[in-house]
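Remarks on the overall topology
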Amino acid sequence: MQEKEYILRVQDLKTDFKVGRKTVHAVNGVTFDVRRGKTLCIVGESGCGKSVTAHSIMQLLPPNGMIAGGSIDYYTPSGACETLSDYKRNGSRIRAIRGKEISMIFQDPMSTLNPVYTVGSQIMEMLKKHEKVDRAEGKARIIRLLGELGIPNPEIRYDQYPHEFSGGMKQRIMIAIAMICNPTLLIADEPTTALDVTIQAQILDLIRRMQKNYGTSVILITHNMGIVVEVADDVAVMYMGRVVEFGSVEQIFANPMHPYTKALMKSVPVLGMNKDRELTVIEGTTPDASTVFTGCEFAERCESARPECFQRFPKDTVVEAGHRVRCLLYEEGGKSNG
């Protein structure tokens, strides 16, 4: 893959948290690329490290969190490469990038929007932080964006407070805050959490439309494989802080290889796929993040596990161009159809 074809390259990323005397390896060797103008979906159960990966890219880790290894390389619109993981979390350059070039939609608009300020002033704050615009010009841009996002009467809504908006409309305001500076990369962390199915579809359609209109690259974090098949170009499946399978959406859905990927796909309904099959559950529970493993993290829950799986870590195996899996079943000498 040529450098101009991607906007972000995450290589062997490790993010740790100090919890008392324990060190929790929340992200433990994550590798993926984000293609320019495309959508990468990061999927997995709660607690697998998806959001921590996003916060690591944005350098928004809490004081007890740190990037312990690996690199996050960001390719600017001019083609220059900047290693974000080398920047101090509150340094001037990362603050200039955050919100302007790389922006994020957070999970819960209820806790992110400030209840005592109008939505217009909160969007204006982001705009004026990164661009020199007078208030009249900024207001006109914001009202135009609110209209593009399907918010009725944007001139009136500009002066209203968060409590005057529904959950779906609050999420649109979060998208407006993230998009007002036309970022090159948008990270959406579970943007449809707690919304009903109809509003979920509207929000995902909005993100797709904004991507098409502005050429923005997107990282969409979700636990729902049904959403993935609708919006993804590429998919990274995460479990216990690692990417266990990575490929194009066609490769992942036509030929899922890791037992965890297969289990995820069997546990949720996916539009147009195996409509007559019975949904199943993934046996067991996700281990505590501080658990120390001697072998594959998924072995305890895996129907295909064999003794070797509990004894050593699997390596990334390339099964075809652009498609790799971290599973002993596919390593040299142990290839199998699972």
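Here we summarise the structure given alongside this text. (Residues numbered from 1 in each chain as written. Predicted model: local features only at pLDDT ≥ 70, side-chain atom pairs only at ≥ 80, totals over all residues. Heavy atoms only, no water.)

1. Observations concerning the overall build of the protein chain
Looking only at helices and strands, one finds eleven helices and twelve strands in the protein chain. Expressed as lengths along the three principal axes of its C-alpha atoms, the size of the protein chain is roughly 65 × 50 × 45 Å. Put simply, the protein chain shows about 16,100 Å² of open surface, and 51% of that area lies on carbon and sulfur atoms. Averaging the coordinates of the 41 positive side-chain charges in the protein chain and doing the same for the 40 negative ones gives two points 4 Å apart. (Helix = DSSP H or I, 4+ residues; strand = E, 2+ residues; numbered from the N terminus. Areas by Shrake-Rupley, 256 points an atom, 1.4 Å probe, with all protein chains shown as cover. Lys, Arg positive; Asp, Glu negative; His and termini not counted. Charge placed at Lys NZ, Arg CZ, Asp CG, Glu CD.)

2. Brief notes about the pattern of salt bridges
If you walk through the whole model with that rule in mind, you get 15 salt bridges. Measuring nitrogen to oxygen at the nearest pair gives 4.0 Å for the salt bridge that ties R306 to E308. With relative accessibility at 31%, the residue E308 sits in the partly exposed group. Among the salt bridges present, the one from R312 reaches E308, with a minimum N-O distance of 2.8 Å. (Salt bridge = Lys/Arg side-chain N within 4 Å of Asp/Glu carboxyl O. Buried < 20%, exposed > 50% of the residue type's maximum accessible area, 1.4 Å probe, protein only.)

3. Description of the pairing of strand β8 (residues 217–222)
Counting buried residues along β8, six of its six residues qualify, which places the element largely inside the surrounding structure. Alternating positions in β8 separate into two faces, S217, I219 and I221 on one and V218, L220 and T222 on the other, with burial throughout. With five bridges connecting them, strand β3 (residues 39–43) and β8 associate as parallel partners. Residue pairing across strands places C41 opposite L220, the latter belonging to β8. The pairing of strand β7 (residues 185–189) with β8 spans five bridges and is classified as parallel. (Pairing = 2+ DSSP bridges.)

4. Quick look at the packing of aromatic side chains
This structure, assessed with the given rule, holds four aromatic pairs. With a centroid separation of 4.7 Å and 55° between ring planes, the pair formed by Y239 and Y260 is classed as tilted. Of this pair, Y239 sits in strand β9 (residues 234–239) while Y260 sits in helix α11 (residues 259–267); the two residues are 21 residues apart in sequence, bridging distant segments of the chain. Of the two residues examined, Y239 and Y260, each falls in the buried class. Ring geometry for Y260 and F298: centres 5.2 Å apart, planes at 65°, overall edge-to-face. Of this pair, Y260 sits in helix α11 while F298 sits in the loop between α11 and β11 (316–320), and the two are 38 residues apart along the sequence. Of the two residues examined, Y260 and F298, each falls in the buried class. An aromatic cluster is defined as three or more aromatic residues linked by ring pairs; in this entry it consists of Y239, Y260 and F298. Directly above the ring of F165 sits R157, whose terminal nitrogen or CZ lies 4.3 Å from the centroid. Cation over ring: R242 sits above F313, and NZ or CZ is 4.9 Å from the ring centre. (Phe/Tyr/Trp six-rings, centres within 6.5 Å; stacked < 30°, edge-to-face > 60°. Lys NZ or Arg CZ within 6 Å of the ring centre and 35° of its normal.)

5. What about the sheet that holds strand β4 (residues 65–75)?
Sheet architecture is open: four strands sit in the order β2-β1-β4-β5, paired in antiparallel fashion. The open sheet has two edge strands, β2 (22–35) and β5 (81–83), and neither has a second partner. Strand-to-strand, the axes of this sheet are offset by a mean angle of 5°, without reference to chain direction. (Axes fitted to C-alpha atoms, helices over the stretch in contact; angles between N-to-C directions.)

6. Quick look at the environment of Q122
Here Q122 is to be found in helix α4 (residues 119–130). Distance in space between the C-alpha atoms of Q122 and Y158 is 9.7 Å, their sequence separation being 36 residues. Here N114 takes part through its backbone oxygen, which lies 2.8 Å from a polar atom of the side chain of Q122. (Polar contact = N/O pair within 3.5 Å; in protein donor to acceptor, adjacent residues only side chain to side chain.)

7. A word on helix α5 (residues 135–148)
An α-helix turns once per 3.6 residues; consequently, residues spaced three or four apart project the same way. The first and last C-alpha atoms of α5 sit 20 Å apart over 14 residues, in line with the 20 Å expected at 1.5 Å per residue. Every buried residue of α5 is listed here: G138, R141, I142, I143, L145 and L146. Buried residues belonging to α5 abut α4, α6 (154–157), α7 (167–179) and α8 (197–214). (Expected span 1.5 Å × (residues − 1). Contact = heavy atoms within 4.5 Å.)

8. Things to note about the side chain of S217
Position of S217 relative to the elements: it lies in strand β8. Overall, S217 belongs to the buried group, its relative accessible area being 0%. For S217, the residues in contact, after removing those within four places along its chain, are I7, V34, R35, R36, G37, K38, T184, L185, L186 and Q211.

9. A closer look at the packing of α7 against α8
Relative orientation of the contacting elements α7 and α8 amounts to 20°, with a least axis distance of 10 Å. If you check the angle between α7 and α8, you find them roughly parallel. Like other packed secondary-structure pairs, α7 and α8 cross with a definite hand, here right-handed. Here α7 contributes G168, Q171, R172, I175 and M179 to the contact with α8, which in turn contributes I199, Q202, I203, L206, I207, M210 and Y214. (Parallel < 35°, antiparallel > 145°, perpendicular 65-115°, else oblique. Left-handed = near helix turned anticlockwise from the far one by under 90°.)

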